[in-house]
Amino acid sequence: MTPTILQRLADVVGAAHVITDDDTLAGYLADWTGRWTGVADAVVRPRTTEEVAAVITLCAADGVSVCVQGGNTGLVGGSVPPAAGDSPTLVTIVLSTARMTDLGDVDATGRCVGAQAGATVAAIDRHAASHGLRFGIDLAARESATAGGVVATNAGGIRMIRHGNTRSQVLGIEAVLADGRILRRWSPLIKDNVGYDLPGLLAGSEGTLAVITEVLFALVTPPAATTVAVLAIDRVAATTELIAAASRRGLIVEAAEIMTAAGIDLVHEYGARRPVAEPAPFTFLIEVSGSGTVDEELFAAIEGIDGVRGAVAEPGPATALWAARETHTESIARSTTTPVVKLDVSVPIRALPEAFDRFTVVPADLGVQGRPILFGHVGDGNIHVNYLDVPCADEHRVTEAVFAVVADLGGSISAEHGIGRAKAAWIGLGRTDVDIVAMRTVKTALDPQNLLNPGVLFG
Ligand code: FAD
Ligand code: 2HG
Ligand code: ZN
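These lines cover the structure that appears in this document, whether it is placed above or below. Being a predicted model, the structure only gives us computed values, none of them experimental.

## Some thoughts on the site of ligand 2
Piece 1. Around ligand 2 lies a shell formed by Leu 75, Arg 325, Thr 329, Lys 342, Phe 375, His 377, His 384, Asn 386, Glu 416 and His 417.
Piece 2. Within the side chain of Thr 329, a nitrogen or oxygen atom sits 2.7 Å from an oxygen atom of ligand 2.
Piece 3. His 384 places a side-chain nitrogen or oxygen 3.0 Å from an oxygen atom of ligand 2.
Piece 4. Taken by itself ligand 2 offers 300 Å² of open surface, and the protein chains cover 89% of this.
Piece 5. Its residues assigned to classes, the shell around ligand 2 comprises two nonpolar, five polar and three charged.

## Points about the site of ligand 1
Piece 1. As a structural note, the neighbourhood of ligand 1 is formed by 36 residues, with Val 68, Gly 70, Thr 73, Gly 74 and Thr 146 the closest of them.
Piece 2. At 2.7 Å, a side-chain N or O of Thr 73 approaches an oxygen atom of ligand 1.
Piece 3. Here an oxygen atom of ligand 1 and a backbone polar atom of Gly 74 are 2.7 Å apart.
Piece 4. Taken by itself ligand 1 offers 970 Å² of open surface, and the protein chains cover 96% of this.
Piece 5. Secondary structure elements with two or more residues in the shell around ligand 1: strand 3 (65-69), helix 5 (147-153) and strand 9 (210-220).

## Quick notes on the coordination of the zinc ion (ligand 3)
When four donors bind a metal tetrahedrally, each ideal donor-metal-donor angle is 109.5 degrees, and when six bind octahedrally, the ideal angles are 90 or 180 degrees.
Piece 1. His 377 (NE2), His 384 (NE2) and Glu 416 (OE) make up the full set of protein donors to the zinc ion (ligand 3), lying at 1.9 to 2.1 Å.
Piece 2. Of note, the zinc ion (ligand 3) draws all its donor residues from one chain, in the sequence arrangement H-x6-H-x31-E. The same class applies to His 377 and to His 384, which are both buried.

## Quick notes on the environment of Glu 314
Piece 1. When you line up the elements, Glu 314 lands in strand 13 (residues 308-315).
Piece 2. Remark: the alpha-carbon pair of Glu 314 and Arg 142, spanning 172 residues in sequence, is separated by 22 Å.
Piece 3. Setting aside residues up to four positions removed in sequence, Glu 314 forms contacts with Thr 226, Thr 227, Val 228, Arg 273 and Leu 321.
Piece 4. Here the side chain of Glu 314 touches Arg 273 through a polar contact of 3.5 Å, side chain to side chain.

## Let's talk about the sheet that holds strand 11 (residues 252-260)
Piece 1. The sheet built from seven strands is open, its strands ordered 13-10-12-11-15-16-14 with antiparallel pairing. Both edges of this open sheet fall to strand 13 and strand 14 (341-346), since each of them pairs with a single strand only. On average, each strand axis in the sheet is tilted by 15 degrees relative to the strand beside it, whichever way the strands run.
Piece 2. Here strand 11 runs beside strand 12 (residues 282-289); their pairing, made up of eight bridges, is antiparallel. If you follow Met 259 over to strand 12, its bridge partner there is Thr 283.
Piece 3. Contacting strand 14 and strand 16 (382-388), helix 15 (residues 395-409) runs over the sheet at an angle of about 10 degrees to strand 14.

## Notes on the sheet that holds strand 4 (residues 92-96)
Piece 1. Judged by pairing direction, the sheet is mixed, and its four strands sit side by side in the order 1-2-4-3 without closing on themselves. Of all strands in the sheet, those with a lone pairing partner are strand 1 (18-19) and strand 3, marking the two edges.
Piece 2. Direction of pairing for strand 1 relative to strand 2 (residues 42-44): antiparallel, over a ladder of two bridges. Across the sheet, residue Ile 19 finds its bridge partner in strand 2, namely Val 43.
Piece 3. Across the sheet, helix 3 (residues 49-62) is in contact with strand 2, strand 3 and strand 4; its angle to strand 4 comes to roughly 170 degrees.

## Focus: the side chain of Asp 447
Piece 1. Structurally, Asp 447 is set in the segment after helix 17 (433-446).
Piece 2. Setting aside chain neighbours within four positions, we find Asp 447 in contact with Ala 178, Thr 208 and Leu 452.

## Some points on helix 2 (residues 22-29)
Working note: α-helix, 3.6 residues per turn, so residues spaced by three or four point in the same direction.
Piece 1. Inspection of helix 2 places Leu 25, Tyr 28 and Leu 29 among the buried residues, and these make up the whole buried set. Seen along its axis, helix 2 keeps its buried residues to an arc of 95 degrees; they face one direction. Away from its buried face by more than 90 degrees, helix 2 exposes Asp 23 and Gly 27.
Piece 2. Packing partners of the buried residues in helix 2 comprise strand 1, strand 2, strand 3 and strand 4.

## Describing unusual backbone geometry
Piece 1. Pro 317 follows Gly 316 through a cis peptide bond whose omega is 10 degrees.
Piece 2. With respect to the helices and strands, the residue Pro 317 is situated in the loop between strand 13 and helix 11 (319-326).
Piece 3. Not every positive phi belongs to a glycine, and Asn 72 is a case in point at roughly 55 degrees.
Piece 4. Mapped onto the elements, Asn 72 comes out in the loop between strand 3 and strand 4.
Piece 5. Using a relative accessible area of 12% as the deciding quantity, one classes Asn 72 as buried.
Piece 6. At Arg 111, a residue that is not glycine, the phi angle is positive and equals roughly 50 degrees.

## Comments concerning the nonpolar core
The nonpolar side chains of a soluble globular protein tend to be buried with one another.
Piece 1. Grouped together as the largest cluster of nonpolar side chains are 55 residues, with contacts concentrated most on Ile 286, Phe 359, Ile 383, Val 385, Tyr 387 and Val 402.
Piece 2. Tallying contributions element by element places helix 15 first for this core, with seven residues.
Piece 3. Leave out the neighbours within four places in its chain, and Ile 286 touches Thr 227, Val 228, Ala 229, Leu 231, Leu 242, Ile 243, Val 253, Ala 255 and Leu 298.
Piece 4. In this structure, Phe 135, Ile 137, Leu 139 and Val 151 belong to the second largest nonpolar core, which totals 29 residues.

Conventions adopted
- Residues numbered from 1 in each chain as written.
- Chains lettered and ligands numbered in written order.
- Predicted model: local features only at pLDDT ≥ 70, side-chain atom pairs only at ≥ 80, totals over all residues.
- Heavy atoms only, no water.
- Near = heavy atom within 4 Å.
- Polar contact = N/O pair within 3.5 Å; in protein donor to acceptor, adjacent residues only side chain to side chain.
- Areas by Shrake-Rupley, 256 points an atom, 1.4 Å probe, with all protein chains shown as cover.
- Nonpolar A, V, L, I, M, F, W, Y, C, P; charged D, E, K, R; others polar.
- Helix = DSSP H or I, 4+ residues; strand = E, 2+ residues; numbered from the N terminus.
- Donors = N, O, S within 2.8 Å, 3.2 Å for Na, K, Ca; no water.
- Buried < 20%, exposed > 50% of the residue type's maximum accessible area, 1.4 Å probe, protein only.
- Contact = heavy atoms within 4.5 Å.
- Pairing = 2+ DSSP bridges.
- Axes fitted to C-alpha atoms, helices over the stretch in contact; angles between N-to-C directions.
- Arc of directions from axis to C-beta.
- Core = buried A, V, L, I, M, F, W, Y, C linked by side-chain atoms within 4.5 Å.

Here it is, written out as structure tokens:
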């Protein structure tokens, strides 16, 4: 990169916010898992939408590619630039939204709030809570994951069974296009059918179509009270049977998460309390709300389910019960001796038991070393398939074997984390050729120079 463009970028955002020293850069060039590292000439940290627009205009004029980074908690390598040699362009910046953390006033009547792209999920939720509302998106990375990141990945998370994915929380959006123009569709209207759903298109675009600068999120009304129950269960199907039984009794399912004995052992090793005393192949966490006698209704529903060995319940938020579930990702990262093979798939609900059986034996069937830890948002058919200690040389084979099972069961190779760099080679497993051509046409129309997150999504 020529000093000229670095100087011009510094003129836009201030010299202190164009980072070029190797030590500070390094923190932006490796992803959360440590599996993905890249190279960039600078990290640029704008404060406002206008500064983002000016940065992108300069980059477009000089053919500089831009990797957009929010909280850098993404799990598919999309938040870091390409490694040396992978990039179709020779110069790259990381555009970090870390300074774009403003929150607008909460519209308590219209139940919505504007958030700058770098505002964290936790900050948005706390802001909403101070007005008696909640953010409908929640995930264990809440203190770091950002508004821009959850929209760009269309994150799911633990409340998806109740409120839907991030796309369904987006009422309006502001974004800078690849040529530096500002697109703003900003309306709190619940019904507004004028043309294409561009906010919906940017949700899940993984930084490849535009830089999201601000989001108008719908907010939800929190339940008056919730009950969190954790059950030791013998059968995966008991989870979906209980979700159905609870719903029939008028309970609202706020979250439904499955874990395995191996996962509970692992998080216990790293300090989480075992939520239930009885050993069992699976542990199921269900959080419900409702009017009237919620606990009684929940235990009545549980009584009708075969294969439940023990249950404990606490009033929400029951953070100690949740801890066993929420510390899985971190415990896996600490325990694995090789880069974890981390896959995020979904299958039809009816196929969940078979999927658990088949994913568990993938390394053994291949004759490959690998400790399976499976868990996930079971009510959404979403399984997080992690294999620890897999020799690097076997990672590809293990991934292919999992995706073969997914294809066989009619599932998806990306439930909620996106495609990023990690799964770009397999996008054809999830979409037809015509579908991919249509997506590429959109990409080319909005980013003809392929400057935004090259290598992400399409490889
Ligand atoms: P980053 O990691 O910085 O970026 C992710 C992608 O979004 C990249 O492609 C990046 O280029 C793009 N992007 C970021 N900001 C912008 C922007 N302003 N404009 C355009 N593109 C942008 N994910 C789930 O779906 N559900 C979960 O339950 C969940 N739990 C997690 C728990 C842990 C402990 C961890 C570490 C991760 C978890 N994740 C989960 C993954 C991750 O938190 C989400 O993908 C999250 O949405 C990423 O947000 P971020 O701000 O960190 O984005
Ligand atoms: C979760 O649900 C995240 O906790 C992370 O999506 C999943 O670590 C994983 O595989
Ligand atoms: Zn998840």
